Each structure stands twice: as C-alpha cells, then as structure tokens.
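The residues making up each chain are set out below.
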Amino acid sequence: MSSTPSFDRTVLPADLRDRDQWVCWKEEPRDGKPTKIPVTPGSGAFASSTDPETWASFETALEYADTGNADGIGFVFTDDDPIVGVDLDDCRDPASDDVDDTAQDVIERLDSYTEISPSGTGFHVLIKGELPDGRNRRGSIELYDTARFFTVTGARLEDTPARVARRQDALVAIHREYVQDSDPDPEHESGNRRTRNGTETTGSVAHTDVDLEDEDLLERARNASNGEKFERLWRGSTAGYESQSEADMALCCLLAFWTGGDQQQIDRLFRQSGLLRDKWDEVHYADGSTYGEKTVERAIASTSEFYDPDTRETATESTPRTSEPSTTASRDKSERTPNRNRAYLVEKNRLLTDRVDELEATLEQKTERIEQLEATIEDLKTELAERNREIKQTREEQVDTASDCDTASETASLWGRLFGESSE
C-alpha cells in the first residue's frame, strides 16, 4: 500500500476543506476489479457515505492518509451541502494529456474546480447547484450530490478555477444533453441543419429563411418585447450571468431566433457586439472548432422557435423561445410543461436572489473597509498636523536660543574690548 502524495492544503477550495465530510480510502480488488473502499480516518474501519460518525475533518483525513494506512482521501456529498460532483471517466491519456471532446466540453462549460482523478485517466469537477431529477449516469459521465464520496487528489487541472463555482444553468444543460434519456421526440424533429463540416444535425424546428439585412434585423430585435435584454447583451453587459460565456450563449440564442438559424449571420452580428473577445476565434476542440463556432452551433440547437416574417405582423410580437444561458440542447418535452417551466423560473429566481445577496454582502464589506480607511486617513492627517506644529515650535525655540547666544557673545566681546583698552 502506498501513502497518498502530500499536497498543498490551500489547493483545495475552502468550501470543501471547512466541511467535516472527509473519509479516507483504500484500493481493494472486488470481482476482479480494483475498488476504492471508504475507511474512517484514524480507526481504519469501514466508512459509510451515509453515516456522519465515520467522517472527519479534512486535516484529520489527510494526516491519517499521510501515515500510509490509506491510499487517499475523499469528500462525502450530503443533502445539507450545495456541492455536486461530476465524474468523467476514461477521458484522459496520462502520457499525452490528451482529453476527449466530451470531457473537454463539460469541463469548459462548468468552469469550476477540476482535478485529475487518482488513476490519471479521468477528472472530477466540483460545482454548486442542484442535481436535476432523472438518471445521474450515462456512459463515462456520472453526477452525484448525496450519499456518495469523491476521491480527492489536489491535482487541480491547469486553467480551471480554484473555487467551487455555482453553475446551475450549465449543470442542467449538461445533464439534459449528456445524461438524461435522449430518445428523439418526433413531435419536435421537423428539420435538419448542416454544420460547417457538412454533417447533419437534427434541429427542434426547421430552419427558416428570414432574409433580413443586418441593420433591419437589429432594429426588430431592439423593438421586440425582450428588446431591453437584447440591447444590454449587444452593448456587452454580462449582468445577471455567472460568466461571460453564458452571456455569449444568451446573445447567440437571440440572434439564432432572429436570423432563422443562419450560422454565418449570427457570427457576423456577434462580431459587431460588445461581447466579442479574442476567445471567440480560439480553437477549443479536437475537431478544430473554435469557441465561437461551437457557441453558435449550440445556440441554434437550443432554439425551439425561429422568427418567421411571413407569419408575424410586427416585430414587437416576436419573442424568441430559447433555453436559458449555457443551455446547449433543446428542452425536452416534459420541461415544456407549465409546471416544469414554473419550477425552472423559481429556481432561476432563487439563484439570482442568492447572487444579489452575495453582491450586497460584498458591497457592505467594501463600504465598511472604505469607512475604516477614511477614518485612518483622518487620524493620520491629525497626527501629521500635530507633528508639524511640534516641529515648528522646536524650530522657533532653536531660533530663540541661537539669538540669545549671539547676544551674549556680542556683550562679552564688548566688555572684553572695554576692559582690554582700560588695561592698556
């Protein structure tokens, strides 16, 4: 048995370290396969992911693993924490560091603390959110939020955040696209689209020929019922979105609606917006696709209705029905029901409220800090003025002393001359 390699404790986010939800693990053969068995830090007895009595603090677990009595440490998911784990298996080549397209896509969209698994062939992504209902595993992807534990290595993937980020929208989208039942819904398979490399992709609605000039299209989008949202995104504002990538997706979804799913026009218009950045043209995928190309493709795939000028009287009546930011696949039939839509909006509102609360708390802390600094500045000004007065007073006293000395010297000299002359 080999002891776990020690790592810098500060590598792990405080959201994980501060929770007493840690176990150790040993690798043992089960049915001919190596299996990670959870053990209680300290005693080495079998640990349970549903029994808090068998868990310990992060420090206790790490110290026990460092003794060589365990192969590593693990974090237990519970109903009382907001942590969700995304397990990506058999997706990385340890020798070349190559990562398959699906894993790369999931990691980039979740954009949260990610580390390499003990085997070196997979990744663990940790986020904050609520796991959607339904299945939690398909192929090499598994999602957990309770009654399971994740092995933790501290080998954070380069260029991923050092914090556990809230990514509810991205989690819902990834669950829908990669995990939940994906049987095609004939009711919504009314058209196909071709990607840039010529392969066909099935869309939720047939591509429509809008044939609007860019300026005309932009004017209609601004005058629509959601024109204010469009205008904010067009100017480059990311307010209300957890990341700029989500804002990029939101604008592309709106453009997908108004252009009828025209990839070239979406790309051309996006490049005129305030959201454009260098990342748009960077290659992010093994097939050579850029970030911008994939964003446009996903926006079209997530748009359930396109603008049709032949069936609409005015632009103000046109409101695109697209998925929320970071959504990359069409919403399934059950999610289009009123109850599911209402639940989704309630959850979205809760997340936004939490974000507002966080920002207000941060603002309050910064305001208090500013007040403290202003008070310190006033104290320093007062102290400086007092010191200046003391220096001035000292200088005046020195001048007076020097003057008295000069007077005494002159008097002595005078008496000396007088007495001297008298002697002679």
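Just above, that's the structure.
We now turn to the structure provided with this report. For clarity, every value in this text was computed on a predicted model and none was experimentally measured.

So, how was this worked out
Residues numbered from 1 in each chain as written. Predicted model: local features only at pLDDT ≥ 70, side-chain atom pairs only at ≥ 80, totals over all residues. Heavy atoms only, no water. Helix = DSSP H or I, 4+ residues; strand = E, 2+ residues; numbered from the N terminus. Buried < 20%, exposed > 50% of the residue type's maximum accessible area, 1.4 Å probe, protein only. Contact = heavy atoms within 4.5 Å. Areas by Shrake-Rupley, 256 points an atom, 1.4 Å probe, with all protein chains shown as cover. Polar contact = N/O pair within 3.5 Å; in protein donor to acceptor, adjacent residues only side chain to side chain. Core = buried A, V, L, I, M, F, W, Y, C linked by side-chain atoms within 4.5 Å. Patch = residues over 30% accessible without salt bridge, like charges linked within 9 Å, V, L, I, M, F, W, Y side chains within 5 Å. Salt bridge = Lys/Arg side-chain N within 4 Å of Asp/Glu carboxyl O. Lys, Arg positive; Asp, Glu negative; His and termini not counted. Charge placed at Lys NZ, Arg CZ, Asp CG, Glu CD. Axes fitted to C-alpha atoms, helices over the stretch in contact; angles between N-to-C directions. Parallel < 35°, antiparallel > 145°, perpendicular 65-115°, else oblique. Left-handed = near helix turned anticlockwise from the far one by under 90°. Nonpolar A, V, L, I, M, F, W, Y, C, P; charged D, E, K, R; others polar. 1 Å grid on protein atoms, 1.4 Å probe; cavity = no way out; pocket = protein on both sides within 12 Å on 5 of 7 lines; lining within 4 Å. Points joined across faces, edges and corners; volume = space filled by probe spheres on them. Pairing = 2+ DSSP bridges.

**Overview of the overall build of the protein**
No. 1: Within the protein one finds 10 helices and 11 strands.
No. 2: Looking at the protein as a whole, 40% of its 424 residues are labelled buried.
No. 3: Across the protein, every contact between residues at least 6 apart in sequence was considered, and the portion connecting residues at least 24 apart equals 69%.
No. 4: Within the structure as shown, the protein displays about 23,500 Å² of accessible surface, and the carbon and sulfur contribution to it stands at 46%.

**Details of the side chain of glutamate 115**
No. 1: If you trace the backbone, glutamate 115 turns up in strand β5 (residues 114–116).
No. 2: Looking at glutamate 115, its side chain comes within polar contact range of the side chain of tyrosine 113, at 2.6 Å.
No. 3: Each residue touching glutamate 115, except ones within four places of it in the same chain, is listed here: Leu12, Gly122, Phe123, His124, Thr151, Val152, Thr153, Gly154, Ala155, Arg156 and Leu157.

**Observations regarding the nonpolar core**
No. 1: Phe230 and Leu233 are the most contacted members of the largest nonpolar core, which has 31 residues in total.
No. 2: For this core, the secondary-structure elements that each account for two or more residues are α5 (214–223), α6 (227–235), α7 (244–259), α8 (263–270) and α9 (291–301).
No. 3: The element best represented in this core is α7, accounting for 11 residues.
No. 4: Setting aside residues up to four positions removed in sequence, leucine 233 forms contacts with Tyr241, Ala247, Ala250, Leu251, Leu254 and Leu275.
No. 5: Phe77, Ile83, Tyr144 and Val152 belong to the second largest nonpolar core, which has 21 residues in total.

**Examining a negative patch on the surface**
No. 1: Together, Glu364, Glu368, Glu371, Glu374, Glu378 and Asp379 give the surface a local cluster of negative charge.
No. 2: Inspection of the secondary structure puts glutamate 364 in helix α10 (residues 338–423).

**Notes on the packing of α7 against α8**
No. 1: Following both chains from N to C, one finds α7 and α8 inclined at 130°, their axes separated by 9 Å at the closest point. Between α7 and α8, the angle falls in the class oblique. Crossing handedness for the pair α7 and α8: right-handed. In this structure, α7 contributes Asp248, Leu251, Cys252, Leu255, Ala256 and Thr259 to the contact, and α8 contributes Gln265, Ile266, Leu269 and Phe270.
No. 2: The class makeup of the residues in the contact of α7 with α8 is 7 nonpolar, 2 polar and 1 charged.

**Points about empty space enclosed by the protein**
No. 1: Throughout the structure, instances matching the rule amount to 1 cavity of 30 Å³ or more.
No. 2: Size it by volume and the largest cavity reaches roughly 40 Å³.
No. 3: Every residue lining the largest cavity is listed: Lys229, Arg232, Leu233, Ser237, Ala239 and Tyr241.
No. 4: Across the lining of the largest cavity, the residue classes break down as 3 nonpolar, 1 polar and 2 charged.

**Focus on the pattern of salt bridges**
No. 1: In the structure shown here, the tally under the stated rule is 20 salt bridges.
No. 2: Of the charged contacts in the structure, one is a salt bridge between glutamate 59 and arginine 9, with a shortest N-O distance of 2.8 Å. One end of the pair, glutamate 59, is in helix α2 (residues 58–69); the other, arginine 9, is in the segment before α1 (14–17), and 50 residues separate them in sequence.
No. 3: On the basis of relative accessible area, arginine 9 is assigned to the partly exposed category, the value being 31%.
No. 4: For the salt bridge of arginine 235 with glutamate 231, the shortest nitrogen-to-oxygen distance reads 3.9 Å. Of this pair, arginine 235 and glutamate 231 are both found in helix α6, 4 residues apart, which corresponds to roughly one turn of the helix.
No. 5: Bridged by salt links that share partners, the residues Asp105, Arg109, Glu177 and Arg298 form one connected network.

**Topic: the sheet that holds strand β3 (residues 72–77)**
No. 1: In spatial order, the strands read β2-β1-β3-β9; together these 4 strands make up an open sheet with antiparallel pairing. The sheet terminates laterally at β2 (33–39) and β9 (148–152), the two strands that pair on one side only. For this sheet, the mean angle separating the axes of adjacent strands, direction not counted, is 45°.
No. 2: Pairing between strand β1 (residues 22–30) and β3: 4 bridges, direction antiparallel. Its bridge partner being in β3, tryptophan 25 is matched across the sheet by glycine 72.
No. 3: Across the sheet, α2 is in contact with β1 and β3; its angle to β1 comes to roughly 40°.

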